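In case you want the letters, here they are:
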Amino acid sequence: MIGSALVRLATFNVLHGQRLPADGHPPATAPGTAAVHPLVDAVASLDAEVVALQELDRFQERSGRVDQARAVAEATGAADWRYASAFHARALPGRTWVRDRSEPGLRVYGPPGAGHDGEVPSHGIALLSRLPVLGWRARRFGAPPLAVPLRLPGQAGLTVIRDHPRTALAAVLQGRRGPFTAVALHLSFVPGWNVGQLLAVHRWIAGLPRPHVLLGDFNIVGAIPAAALGAAELLSPSRPSQPRPDGPPPRSGWRRAARVRTFPSHRPLVQLDHVLATGLGAHRAASVRAPRMPVSDHRPVVVELPL
């Protein structure tokens, strides 16, 4: 019974489809020469019914002026999908951005007739589904007020970086065992600030149907995200929302559906990319994979859950 209800989900920070050589150092690629096919092929190879993607480009010169979310959705058979912009800007060589003040930070794009249809270049996340979607919602988080030192690929020492705004996309999906909520998110790299964003997402989806599944690049290592969410649930006076009448009894606490190292892709040392779930009772992931892909400095996480 459980096996027939398994849904394959994946999360993948795609680094706008950029190829990386074996040593993990980014190549010197001229703007406009990147092809979308390696990105599409990489995501398609995961064969997931629900896919969360981070660091997607939309109409950026560096990635061939392609709407990457649309291209991946069409190639993978995801009938319903949404892309949420974290910010509208043009990417320039040297990891800089030129913001477009004519557009608000958050726009939600989708299939024809769904969402906004503007063509201002942007950067953001997407959630793609081959399952029926019952509803969508999106949220944007402002940029942290401080910069932090980070180690960047191909650069010696630490570089002080100011983070960008972030977004989250939630969809209520019709699973094989009933409705559930999937959330794609990409959290800040600023310590503490990212935990605050995670807890804000937890409150934001509290009223949506359970189980809840969070998929994304959290920029938080290991067991910390699940522990933070578990503590938030214990301290919350609210009860779990809309338990399934034919499902397992409600159970507090969040579980890590995957415990795999994902970053950097050529030699994974830490897990920054997570699939967290609550409301599944005692059920655990049936399978977990984190294959190396020809694109990105992250590895995807692929799991199968009874949904």
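For the structure, see preceding data.
A. Molecular detail of the nonpolar core. Leu9, Val213 and Leu305 are the most contacted members of the largest nonpolar core, which totals 28 residues. At the level of elements, strand 1 (6-13), strand 2 (50-58), strand 6 (122-129), strand 10 (166-174), strand 11 (179-186), strand 12 (212-217), strand 14 (273-278) and strand 16 (301-306) are the ones that each hand at least two residues to this core. Residues Ala42, Val43, Leu56 and Tyr83 belong to the second largest nonpolar core, which totals 26 residues.

B. Quick peek at the packing of aromatic side chains. Enumeration according to the criterion identifies 2 aromatic pairs in this entry. Aromatic pair Tyr83 and Tyr109: ring centres 5.8 Å apart, planes at 45 degrees, arrangement tilted. Of this pair, Tyr83 sits in strand 3 (residues 80-92) while Tyr109 sits in strand 5 (residues 108-109); the two residues are 26 residues apart in sequence, bridging distant segments of the chain. Side by side, Tyr83 and Tyr109 carry an identical accessibility label, which is buried. With 4.9 Å between their ring centres and 85 degrees between their planes, Phe87 and Trp97 make a pair best called edge-to-face. Highlighted residues: Phe87 in strand 3 and Trp97 in strand 4 (residues 96-99), separated in sequence by 10 residues. Accessibility expressed as a relative area gives 3% for Phe87, which makes it buried. We note Arg58 situated over the ring of Tyr109; from NZ or CZ to the ring centre the distance is 3.7 Å. Note that Arg99 overlies the ring of Phe87, its terminal NZ or CZ placed 4.6 Å from the centroid.

C. Here's a closer look at the pattern of salt bridges. Across all of its chains, the model carries 11 salt bridges by this definition. A salt bridge links Arg176 to Glu49; the nearest nitrogen and oxygen atoms lie 2.3 Å apart. Within this pair, whereas Arg176 is found in the loop between strand 10 and strand 11, its partner Glu49 is found in the loop between helix 1 (37-46) and strand 2, the two being separated by 127 residues in sequence. As a salt-bridge pair, Asp80 and Arg82 come within 2.8 Å of each other at their nearest N and O atoms. Put simply, Arg8, Asp47, Arg130 and Glu304 are held in one network by salt bridges that share partners.

D. Fine view of the side chain of Arg210. Mapped onto the elements of the fold, Arg210 is located in the loop between helix 3 (193-204) and strand 12. A polar contact is formed between the side chain of Arg210 and the side chain of Thr278, at a distance of 3.4 Å.

E. Fine view of a nonpolar patch on the surface. On the surface, Val221, Ile224, Leu269 and Val270 cluster together into a nonpolar patch covering about 310 Å² of accessible area. Within the secondary structure, Ile224 is located in helix 4 (residues 224-235).

F. Focus on the packing of helix 3 against helix 4. Between helix 3 and helix 4, the least distance of the axes is 10 Å, while the angle of their chain directions is 50 degrees. Taken together, helix 3 and helix 4 sit at an angle that is classed as oblique. At the point where helix 3 passes helix 4, the crossing takes the right-handed sense. Residues Val195, Leu198, Leu199 and His202 of helix 3 pack against Pro225, Ala228, Leu229, Ala232 and Glu233 of helix 4. Taken together, the residues of the contact of helix 3 with helix 4 break down into 7 nonpolar, 1 polar and 1 charged.

G. Molecular detail of helix 3. Taking 1.5 Å of rise per residue, the 12 residues of helix 3 would be expected to cover 16 Å, and the 16 Å separating its terminal C-alpha atoms lies within 8% of that figure. When we look at burial in helix 3, the residues that qualify are Asn194, Gln197, Leu198, Ala200, Val201, His202 and Trp204. Contacts from the buried residues of helix 3 go to strand 7 (133-141), strand 10, strand 11, strand 12 and helix 4.

H. Quick peek at the pairing of strand 10. Burial of strand 10 is extensive: 8 of the 9 residues sit out of reach of the surface. Here 7 bridges tie strand 10 to strand 11, and the two strands are oriented antiparallel to one another. Bridge pairing in strand 11 places Val172 opposite Thr181. Two successive antiparallel strands, strand 10 and strand 11, enclose a turn made up of 4 residues, where Gly178 displays a positive phi of approximately 130 degrees.

I. Layout of the environment of Trp193. With respect to the secondary-structure elements, Trp193 resides in helix 3. In this structure, the C-alpha to C-alpha distance between Trp193 and Ala143, residues 50 residues apart in sequence, is 9.5 Å. Each residue touching Trp193, except ones within four places of it in the same chain, is listed here: Gly142, Ala143, Pro144, Pro145 and Ser188.

Calculation rules
- Throughout this description, residue numbers start from 1 for each chain and increase along the sequence as written.
- In keeping with the predicted nature of the model, local features appear solely for residues at pLDDT of at least 70, side-chain atom pairs appear and are counted solely at 80 or more, and the whole-chain, interface and lining totals rest on all residues.
- Processing note: side-chain calculations cover all non-hydrogen atoms of the structure and skip hydrogens and water entirely.
- Here, the term nonpolar core denotes a set of buried Ala, Val, Leu, Ile, Met, Phe, Trp, Tyr and Cys residues that are joined through side-chain atoms within 4.5 Å.
- The rule is simple: take the accessible area with a 1.4 Å probe, protein chains only, and divide by the maximum for that residue type; under 20% is buried, over 50% is exposed, in between is partly exposed.
- Helix numbers and strand numbers start at the N terminus; a helix is a DSSP run of H or I with at least 4 residues, a strand a run of E with at least 2.
- Centres within 6.5 Å make a pair out of two Phe, Tyr or Trp rings, where for Trp the six-membered ring is used; the pair is then stacked when the planes are under 30 degrees apart, edge-to-face when over 60, and tilted otherwise.
- Remark: a charge is flagged as sitting over a ring if the NZ atom of Lys or the CZ atom of Arg is within 6 Å of the ring centre and within 35 degrees of the ring normal.
- A side-chain nitrogen of Lys or Arg and a carboxyl oxygen of Asp or Glu constitute a salt bridge if their distance falls within 4 Å.
- Pairs of N or O atoms within 3.5 Å make up the polar contacts considered here, provided that, within protein, one atom can donate a hydrogen while the other can accept it, and that residues adjacent in sequence are counted only when both atoms are side-chain atoms.
- Exposure above 30% relative accessible area and the absence of a salt bridge qualify a residue for a patch, where like charges join within 9 Å and nonpolar side chains (Val, Leu, Ile, Met, Phe, Trp, Tyr) within 5 Å.
- Calculation of accessible area relied on Shrake-Rupley with a 1.4 Å probe; when residues are assessed, cover is drawn exclusively from the protein chains displayed.
- Comment: axis = line fitted to C-alpha atoms, over the contacting stretch for helices; angle = value between 0 and 180 degrees taken between N-to-C directions.
- Here the angle decides the label: under 35 degrees means roughly parallel, over 145 means roughly antiparallel, 65 to 115 means roughly perpendicular, and every other value means oblique.
- What makes a crossing left-handed is the near helix being turned counterclockwise from the far one by less than a right angle; a clockwise turn instead makes it right-handed.
- Between two residues, a contact is recorded if the distance between any of their heavy atoms is within 4.5 Å.
- By the convention adopted, Pro, Cys, Tyr, Trp, Phe, Met, Ile, Leu, Val and Ala count as nonpolar, Lys, Arg, Asp and Glu as charged, and the other residues, Gly among them, as polar.
- By definition here, a helix of n residues has an expected span of 1.5 Å times n minus one.
- Strands are labelled as partners when DSSP assigns at least two bridges between them.

It is worth stressing that arrangement in space is one thing and function is another; only the former is reported here.
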